[in-house]
Amino acid sequence: MSMEQRKPHRATRFNLTPEPCSHGPFKGYARLDRINSAARSQPDQKFKALLQQFTVDNLRQAFRSLDGSKAVGIDQITKDHYAKNLEANLESLADQISRGGWRPQPSREVLIPKASGGTRPLAIGCLEDKIVQQLGAKILEAIYDHSFHRHSFGFRPKRNTHQAIARLYKVVQERSEHCIVVEMDLEKFFNSMDHEKLIEILSARIEDHHFLRLVRRMLRNSILTEEGEIRQNERGTPQGAPISPILANIYLDACLDTWFQENWGQNAQMVRYADDAIFVFTDMKKAEEFKLSLASRFESFKLKMNDDKSGIVNFNSHAPESEIQFLGFHLYWGKKSSKSSKKLLKVKTSPKKLAKSIEAYSDWIKIQRSRLTLDKLWEQTTQKLHGHYSYYGLIFNRAKLNHFYHAVVGTLFKWLNRRSQKGSYTWDGFAKRLRFKPLPKPLEAALIDITSGIVPELKRKMKSRMRKSRTYGSERSPGLSPVFT
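What you see is a predicted model, and the numbers here were worked out from it, not measured in a lab.

Asker: So what about the pairing of strand 9 (residues 323-326)? Which residues, and what values?
Answerer: The two faces of a sheet get side chains in turn, since along a regular strand they alternate between them. Alternating positions in strand 9 separate cleanly, Ile324 and Phe326 being buried on one face and Glu323 and Gln325 remaining unburied on the opposite face. Connecting strand 9 to the antiparallel partner strand 10 (residues 329-337) that follows it, the hairpin turn spans two residues, and Leu327 within it adopts a positive phi of roughly 55°.

Here it is in structure tokens:
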């Protein structure tokens, strides 16, 4: 047979590049579903070849999953700019990682005011560093997420704050006659995690020292402060980095969740969201013993409880004056009805959070009233109201939602009336516009029922397919996510 008559070589049917997962939490990533399956079936297995997962295909998927509307790092490279030469950039990045030469650039520090006073530092990394951290976070999620405590709700797929509130509601309701609550809040948790302790925890399941070195470099990444100084990060993990949430959960699972389940699981229930946790007991003596041992446990992991937000509360239906605060909500015992003296567990927006939300809207409209058209101000106010309702729209909380709505309407009229030197925008004109183009009211919002203890997963809003019209940069695009929380 001549060379021209030979059939094509059949060896190409063996595709050396693994197919990416087509569904589930690791959709679009290659081999991560296999790592997750192995971690589930063999809890004692140690993983060795994790650095090999930093392929061009996986880095591309990590790039796609990043939000292009987030603020940019010190290199000022946006997602659109990086995408212009995407394949060459990813190939260069994968080569640097495989050779061990990749190092993150300094993150830009931004100080965010806290509702309780002070500031919370956020570290805004460069886009390429976010890609590496995003893929590293997915690898750690494949190994660890399935083993986390079932009542840990923070920063986990298919879990949210409403589910945490619903679980806490059910646990307290079941112990309404004898309910003792231990509130826990860690002081500057993300900035306090010990690097060596965290690497020690990771080493129990990961034997790939190249991957651990990569994680260590992410942890020790330097930070450019607002004063223009470079500060070395010797403790904690930068808030705002894609890998920080999964590292925080790994640290707290080893420090708190596993220890609690083994030593106190028969006497109490736990509900945790990141570094905020509630422990529900039925015996005051047990609760006091637990709080003492908890403080000692945190000291061994170089953590410290925030005494102002931690304590023991006698929270039963016979002590209606007490309240517990969790994730921006207050749980309290109210009247079942106006004609009944029986107590019913209810939920409302925390007064501090409500005041902060109103203040945030006031600051926003004060700045934007002369920059945007009236139609644009109306549209964005609508989006902010929807965002507030989507987070705080729980059953029993209609009154606080009404409070926020009327405060926003009053603030909107106040600052629209001050767009010029004289008050030219009368209430009659504002009320007429409000009548023909109404802002969404709480009565129209669907409240989430948490009384069953089960809340379905929130449906995400579909992204627009008009990618060319989407802008990337430091300005956030409006959405239905909670704006003021």
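Having seen the structure, we can now continue with the description.
Asker: Describe the sheet that holds strand 11 (residues 340-349), with residues and values.
Answerer: Sheet architecture is open: three strands sit in the order 9-10-11, paired in antiparallel fashion. Across the chains shown, the open sheet's two edge strands, defined by having one partner strand only, are strand 9 and strand 11. Adjacent strand axes in the sheet meet at a mean angle of 35°, parallel and antiparallel pairs treated alike. Pairing of strand 9 with strand 10 involves four bridges; the strand directions are antiparallel. Pairing of Gln325 across the sheet is with His330, part of strand 10. Its contacts with the sheet put helix 6 (residues 161-174) on strand 9, strand 10 and strand 11, and the angle it makes with strand 11 is roughly 155°.

Asker: Could you give an account of the side chain of Arg156, naming the residues involved and the relevant values?
Answerer: By secondary structure assignment, the location of Arg156 is in the loop between helix 5 (127-144) and helix 6. For Arg156, the residues in contact, after removing those within four places along its chain, are Asp145, Phe148, His149 and Asn249.

Asker: Summarise the packing of aromatic side chains; cite the residues concerned and give the values.
Answerer: Tallied over the full model, the rule gives 23 aromatic pairs. Centroid distance Phe260 to Phe290: 5.8 Å. Interplanar angle 75°. Geometry classified as edge-to-face. Taken together, the residues Phe260 in helix 9 (residues 244-263) and Phe290 in helix 10 (residues 284-300) connect sequence positions 30 residues apart. A residue is classified by how much of its surface remains accessible, and Phe290, at 0% relative accessible area, is buried. Measuring from centroid to centroid gives 5.3 Å for Phe329 and Tyr392, while their planes differ by 55°, and the two rings are tilted. Of this pair, Phe329 sits in strand 10 while Tyr392 sits in helix 12 (residues 374-392); the two residues are 63 residues apart in sequence, bridging distant segments of the chain. For the residue pair Phe329 and Tyr392, the accessibility class agrees, reading buried in each case. Clustering of aromatic rings is evident, with ring pairs tying together Trp259, Phe260, Trp264, Phe279, Phe281 and Phe290. Of note, Lys197 hangs over the ring of Phe301, and the distance from its end group to the ring centre comes to 4.8 Å. Over the face of the ring belonging to Trp364 we find Lys384, whose NZ or CZ atom lies 4.5 Å from the ring centre.

Asker: Explain unusual backbone geometry residue by residue, including any values.
Answerer: Positive phi values are uncommon outside glycine, yet Lys188 reaches one of about 50°. Its identity is not glycine, yet Lys302 carries a phi of approximately 60°, on the positive side. Position of Lys302 relative to the elements: it lies in the loop between helix 10 and strand 8 (311-314). Exposure remark for Lys302: the relative accessible area of 48% places this residue in the partly exposed category.

Asker: Can you break down the sheet that holds strand 6 (residues 269-273) residue by residue, with the values?
Answerer: Spatially, the four strands line up as an open sheet ordered 6-7-3-8, and their pairing is antiparallel. Two strands bound the open sheet, and with one partner strand each, they are strand 6 and strand 8. Taking the axes of each pair of neighbouring strands and ignoring which way they run, one obtains an average angle of 20° across the sheet. In this sheet, strand 8 lies alongside strand 3 (residues 180-185) in antiparallel orientation, the contact comprising four bridges.

Asker: Can you break down empty space enclosed by the protein residue by residue, with the values?
Answerer: Here the idea is plain: a probe the size of a water molecule rolls over the atoms and shows the empty space left. Scanning the model with the defined rule gives two cavities of 30 Å³ or more in all. As for the largest cavity, its lining consists of 17 residues, and the residues nearest its centre are Ser107, Gln133, Pro238, Ala241 and Pro242. Looking at the lining of the largest cavity element by element, the count peaks at three residues for helix 5. For the second largest cavity, the calculated volume is near 40 Å³. If you go around the second largest cavity, the residues you meet are Leu51, Gln96, Ile97, Gly100, Gly101, Trp102, His210, Arg213, Leu214 and Arg217. Broken down by secondary-structure element, the contributors of at least two residues to the lining of the second largest cavity are helix 4 (86-99) and helix 8 (209-219).

Asker: Go over the layout of surface pockets, please, and point to the residues and values.
Answerer: Here the second largest pocket is characterised by a volume of approximately 230 Å³. Along its surface, the second largest pocket is lined by 13 residues, and Tyr144, Ser147, Ile201, Arg205 and Asp253 are the ones closest to its centre. Those elements that provide at least two residues to the lining of the second largest pocket are helix 7 (195-203) and helix 9. When the residues that make up the lining of the second largest pocket are grouped by side-chain class, the tally is seven nonpolar, three polar and three charged.

Conventions used here
- Residues numbered from 1 in each chain as written.
- Predicted model: local features only at pLDDT ≥ 70, side-chain atom pairs only at ≥ 80, totals over all residues.
- Heavy atoms only, no water.
- Buried < 20%, exposed > 50% of the residue type's maximum accessible area, 1.4 Å probe, protein only.
- Helix = DSSP H or I, 4+ residues; strand = E, 2+ residues; numbered from the N terminus.
- Pairing = 2+ DSSP bridges.
- Axes fitted to C-alpha atoms, helices over the stretch in contact; angles between N-to-C directions.
- Contact = heavy atoms within 4.5 Å.
- Phe/Tyr/Trp six-rings, centres within 6.5 Å; stacked < 30°, edge-to-face > 60°.
- Lys NZ or Arg CZ within 6 Å of the ring centre and 35° of its normal.
- 1 Å grid on protein atoms, 1.4 Å probe; cavity = no way out; pocket = protein on both sides within 12 Å on 5 of 7 lines; lining within 4 Å.
- Points joined across faces, edges and corners; volume = space filled by probe spheres on them.
- Nonpolar A, V, L, I, M, F, W, Y, C, P; charged D, E, K, R; others polar.

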